[in-house]
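# Overview (structure and organization)
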Amino acid sequence: MADLDVQIVQTSSLGDRSYLAHDGQVAIVVDSQRDVDRILALAGRLGVRVAYVVETHLHNDYVSGGLALARTTGARYLVAAADEVGFDRVPVTDGDEVTVSDRMRLRVVATPGHTFHHLSYVLHGPDGPVGVFSGGSLLFGTTGRTDLLGHRHTHALAAHQHRSVRRLADLLPDGAQVWPTHGFGSFCAATQSDAPESTVGRERQVNPALRLEADDFVEQTLAGLDAYPAYYAHLGAINAAGADPIDLTPARRADAAEVADRIADGQWVVDLRSRTAFTSRHLTGTLSFGLDGPMATWLGWLAPWEAPLTLLGESEEQIAQAQRELARIGVDRPAAAATGDPGEWADGVEERLVGLPRATFADLAAARAGAPPSGLPGVDVLLDVRLGNEWRTDHVEGAVHLPLADLPDRLDEVPAGTVWVHCGSGYRAAVAASLLARAGRTTVLVDDDYGVAADAGLPVVPGDPGQ
């Protein structure tokens with residue numbers, strides 16, 4: 001790469017990537033997450049000085065660490081001139097060029113679509129352009145979603161996105177690397193891709209924005225959009241104002257009596273252990289958001305904004321990990337935390353501990369046929385908590401659909417009786433089952449891959465595209 005090196009700092013729990021590009025001496029950082037200690041540690045290991053911190057856009061899916069990083073390192077902070085922000089920055093606009101060193105240069109390219117003022121940054125080395133930091137514009141096999149600024153702007157932004165991606169492709173050679181911020185499970189991506197890396201040439205072959213004409217691209221993009229996390233509504237404003245530095249000091253510890261009081265008060269008391277551990281035994285009234293899945297995304301989505309959260313983990317490390325992940329989305333300080341096991345959280349009172357039945361799709365098929373496996377109740381209601389697009393693709397015949405994001409406010413809409421609940425793999429269903437159990441419902445968690453439902457003997461039918 002002509003003396004330049006680009007390091008990826010991955011935040012897999014949110015489906016995002018930050019980047020540190022350097023020439024062996026000075027570095028630029030693109031779209032830093034809030035926990036800048038990872039960036040600082042990487043720069044230290046590489047022995048480079050962070051000279052520039054850049055934002056492709058004001059993010060909706062995470063709290064930016066760009067301002068804090070720039071202030072910590074003394075770097076110049078590049079943000080779109082058109083964005084109204086509450087802090088000092090270096091305003092940049094389309095066509096600007098930034099000389100980082102005698103071997104590294106950035107060219108600013110306006111690429112509206114994901115937001116109105118979105119920028120991409122073409123990285124130039126001694127021999128020309130080597131790649132583009134494309135933020136939420138050109139992603140791997142897709143583009144950034146265009147509905148985060150409100151429904152009234154979605155169509156116009158989708159048209160902008162099409163033009164922006166084509167502009168990048170026209171500016172860059174086929175061998176140029178593409179370095180997007182979103183698209184690795186992030187809800188900021190219009191669709192998902194499993195590709196680990198890409199080039200402009202590859203995107204010419206696979207990306208809808210480069211294969212479809214504008215009207216077809218806009219129609220396809222809008223048809224594919226689904227729900228996104230509720231906390232997105234708060235993060236754009238936080239980033240525009242300038243986020244406070246992250247606070248990862250340990251949460252205040254709660255004893256068993258306080259945990260019991262918080263549960264009795266109806267607060268969100270969150271069990272961070274795996275869903276397997278949760279279903280085996282948990283404290284009555286707690287909710288399953290295991291760290292083995294996208295905990296922050298779903299907890300941030302479902303819990304009321306700024307509601308007090310109490311975290312229960314097996315270890316200090318689990319609590320610390322949860323704090324870090326939640327702080328990335330603006331959930332700054334848990335109300336309290338406790339470590340240990342359910343017996344300790346119950347203060348040894350076994351009556352406060354319960355389990356939750358787990359089943360497979362084969363078990364569900366047997367139960368619907370009137371022969372539930374030993375220890376499992378019959379099926380009165382089959383609840384599917386997947387997203388709307390998943391349901392519309394296909395679903396188990398006779399299931400009731402209620403997306404997990406809607407469940408806390410619509411628990412009273414779940415029909416009476418024993419509820420078997422499923423999602424795509426088990427994680428969301430565990431969250432849903434714990435919410436139902438806390439509401440006093442008898443629940444069975446289908447902890448299985450939805451892809452095996454038909455082979456298990458369950459009738460799977462296509463959904464109504466109009467639903």
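Procedures and definitions
Residues numbered from 1 in each chain as written. Predicted model: local features only at pLDDT ≥ 70, side-chain atom pairs only at ≥ 80, totals over all residues. Heavy atoms only, no water. Axes fitted to C-alpha atoms, helices over the stretch in contact; angles between N-to-C directions. Helix = DSSP H or I, 4+ residues; strand = E, 2+ residues; numbered from the N terminus. Parallel < 35°, antiparallel > 145°, perpendicular 65-115°, else oblique. Left-handed = near helix turned anticlockwise from the far one by under 90°. Contact = heavy atoms within 4.5 Å. Nonpolar A, V, L, I, M, F, W, Y, C, P; charged D, E, K, R; others polar. Polar contact = N/O pair within 3.5 Å; in protein donor to acceptor, adjacent residues only side chain to side chain. 1 Å grid on protein atoms, 1.4 Å probe; cavity = no way out; pocket = protein on both sides within 12 Å on 5 of 7 lines; lining within 4 Å. Points joined across faces, edges and corners; volume = space filled by probe spheres on them. Phe/Tyr/Trp six-rings, centres within 6.5 Å; stacked < 30°, edge-to-face > 60°. Buried < 20%, exposed > 50% of the residue type's maximum accessible area, 1.4 Å probe, protein only. Core = buried A, V, L, I, M, F, W, Y, C linked by side-chain atoms within 4.5 Å. Pairing = 2+ DSSP bridges.

Relative orientation of the contacting elements helix α10 (residues 295–302) and helix α11 (residues 316–327) amounts to 60°, with a least axis distance of 9 Å. Between α10 and α11, the interaxial angle falls into the category oblique. Of the two elements, α10 crosses α11, and the hand of that crossing is right-handed. For the pair α10 and α11, contact is made by Met 295, Ala 296 and Leu 299 and by Ala 322, Glu 325 and Leu 326, respectively. For the contact of α10 with α11, a count of residues per class yields five nonpolar, no polar and one charged.

The next subject is the environment of Asp 384. Take Asp 384: it is sitting in strand β19 (residues 381–384). Each C-alpha atom, one on Asp 384 and one on Cys 423, is 5.8 Å from the other, the two residues being 39 residues apart in sequence. Apart from residues no more than four positions distant in its own chain, Asp 384 is found in contact with Trp 391, His 395, Ala 399, Val 400, His 401, Leu 402 and His 422. Here Arg 386 takes part through its side chain, which lies 2.9 Å from a polar atom of the side chain of Asp 384.

Moving on, we come to empty space enclosed by the protein. Throughout the structure, instances matching the rule amount to one cavity of 30 Å³ or more. The space that makes up the largest cavity amounts to roughly 70 Å³. When its residues are assigned to classes, the lining of the largest cavity shows five nonpolar, five polar and one charged.

Taken as a whole, this structure holds eight aromatic pairs when the rule is applied. Look at Tyr 228 and Tyr 232: their rings are 5.5 Å apart centre to centre, the planes differ by 25°, and that puts the pair in the stacked class. Owing to a relative accessible area of 27%, Tyr 228 belongs among the partly exposed residues under this scheme. Its relative accessible area of 4% is what places Tyr 232 among the buried residues. Taking the centre distance of 4.6 Å and the plane angle of 5° together, the rings of Trp 298 and Trp 301 count as stacked. With Trp 298 and Trp 301 both in helix α10, this residue pair falls three residues apart, about one helical turn. Judged on exposure class, the residue Trp 298 and its partner Trp 301 are both buried. A network of ring pairs unites the aromatic residues Tyr 19, Phe 133 and Trp 179 as a single cluster.

Moving on, we come to the nonpolar core. Core analysis: the biggest nonpolar cluster contains 54 residues, and Trp 268, Phe 289, Met 295, Leu 299 and Leu 404 have the highest contact counts within it. For this core, the elements supplying multiple residues, two or more each, are α7 (232–241), β12 (268–271), α10, β15 (309–313), α11, β19, β22 (419–422) and α15 (427–438). It is α15 that contributes the most residues to this core, eight residues altogether. Counting residues in hydrophobic clusters, the runner-up holds 24 residues, among them Tyr 52, Val 54, Leu 119 and Phe 133.

Turning next to the layout of surface pockets. Estimates place the volume of the second largest pocket at around 240 Å³. The wall of the second largest pocket is formed by Leu 58, Asn 60, Ala 82, Asp 83, Glu 84, Thr 115, Phe 116, His 117, Leu 149, Gly 236 and Ala 240. Its residues placed into classes, the lining of the second largest pocket shows five nonpolar, four polar and two charged.

To continue, consider the sheet that holds strand β23 (residues 443–446). With parallel pairing, the five strands of this open sheet are ordered in space as β18-β23-β22-β19-β21. Two strands in the sheet have a free side with no partner beyond their single neighbour: β18 (358–359) and β21 (400–401). Examined bridge by bridge, β19 and β21 share two bridges and lie parallel to one another. When the sheet's bridge partners are listed, Asp 384 is paired in β21 with His 401. Here helix α13 (residues 361–368) sits on the sheet and contacts β18, β19, β22 and β23; the angle it forms with β22, its principal contact strand, is near 150°. Helix-sheet contacts for α15 involve β19, β22 and β23, and the interaxial angle to β23 is about 175°.

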